[in-house]
Amino acid sequence: MPRTYCIELEELDLGQLLDGLEVRADGWEKTACYHKTGSAPPDFLIEECSSAEEADEIAKHYRSIISKIVKQMDAQR
């Protein structure tokens, strides 16, 4: 069974963490789009993976992490 952690952060730090996760999720979503269409924005670096499906799964995982954190934040407001 996976181990669960309880981490305390100040609001600003938590916002920075969420921003970073958002950037990573967006990067993987754009990578999936690149694998599907063959095109990407000119200033975008494609993530290393083997397929659109792999990139989609990684993006979904980042979105899941973001969702869990936001739910926990909302419960504490």
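Computed from a prediction, not measured in an experiment: that's the story for all the values here. (Residues numbered from 1 in each chain as written. Predicted model: local features only at pLDDT ≥ 70, side-chain atom pairs only at ≥ 80, totals over all residues. Heavy atoms only, no water.)

Caption draft 1: Structural detail: the layout of surface pockets. Considered as a void within the structure, the largest pocket measures approximately 720 Å³ in volume. Lining the largest pocket are 17 residues; nearest its centre among them are Ile7, Leu14, Leu17, Ile69 and Gln72. If you list the elements that add at least two residues to the lining of the largest pocket, you get α1 (11-37) and α2 (52-75). Broken down by element, the lining of the largest pocket gets its largest block of residues, five residues, from α2. (1 Å grid on protein atoms, 1.4 Å probe; cavity = no way out; pocket = protein on both sides within 12 Å on 5 of 7 lines; lining within 4 Å. Points joined across faces, edges and corners; volume = space filled by probe spheres on them. Helix = DSSP H or I, 4+ residues; strand = E, 2+ residues; numbered from the N terminus.)

Caption draft 2: Looking closely at the nonpolar core. Counting residues in each nonpolar core, the largest one holds seven residues, listed as Leu14, Leu18, Leu21, Ala25, Ile66, Ile69 and Met73. Mapped onto this core, the elements with two or more residues apiece are α1 and α2. Looking at this core, the element that brings in the most residues is α1, giving four residues. If near-sequence neighbours (up to four positions away) are discounted, Ala25 is found in contact with Ala59, Tyr62, Arg63 and Ile66. Counting residues in each nonpolar core, the second largest holds five residues, with Trp28, Ala32, Ala55 and Ala59 among its members. (Core = buried A, V, L, I, M, F, W, Y, C linked by side-chain atoms within 4.5 Å. Buried < 20%, exposed > 50% of the residue type's maximum accessible area, 1.4 Å probe, protein only. Contact = heavy atoms within 4.5 Å.)

Caption draft 3: The arrangement of the packing of α1 against α2 in detail. Remark: α1 packs on α2, axes separated minimally by 8 Å, with the N-to-C direction vectors making an angle of 155°. Looking at the two axes, α1 sits roughly antiparallel to α2. Handedness of the crossing formed by α1 with α2: left-handed. Residue composition of the contact of α1 with α2, grouped by class: 17 nonpolar, two polar and seven charged. (Axes fitted to C-alpha atoms, helices over the stretch in contact; angles between N-to-C directions. Parallel < 35°, antiparallel > 145°, perpendicular 65-115°, else oblique. Left-handed = near helix turned anticlockwise from the far one by under 90°. Nonpolar A, V, L, I, M, F, W, Y, C, P; charged D, E, K, R; others polar.)

Caption draft 4: Expanded view of α2. Helix length check: α2, at 24 residues, gives a terminal C-alpha distance of 34 Å against a target of 34 Å (1.5 Å per residue), a fit within 8%. Of the residues making up α2, those classed as buried are Ala52, Ala55, Ala59, Ile66, Ile69 and Met73. Residues of α2 that are buried in the fold lie against α1. (Expected span 1.5 Å × (residues − 1).)

Caption draft 5: Quick look at the pattern of salt bridges. With the rule as written, the count across this model stands at seven salt bridges. One salt bridge in this structure joins Arg24 and Glu47, with 2.9 Å as the shortest N-O distance. Separated by 23 residues along the polypeptide, Arg24 in helix α1 and Glu47 in the loop between α1 and α2 bring together distant segments of the chain. The exposure class of Arg24 is partly exposed, given its relative accessible area of 31%. (Salt bridge = Lys/Arg side-chain N within 4 Å of Asp/Glu carboxyl O.)

Caption draft 6: Representation of the environment of Gly38 in the model. Looking at where Gly38 falls in the secondary structure, it is placed in the loop between α1 and α2. Residue Gly38 is classed as exposed on the basis of its relative accessible area, which comes to 54%.

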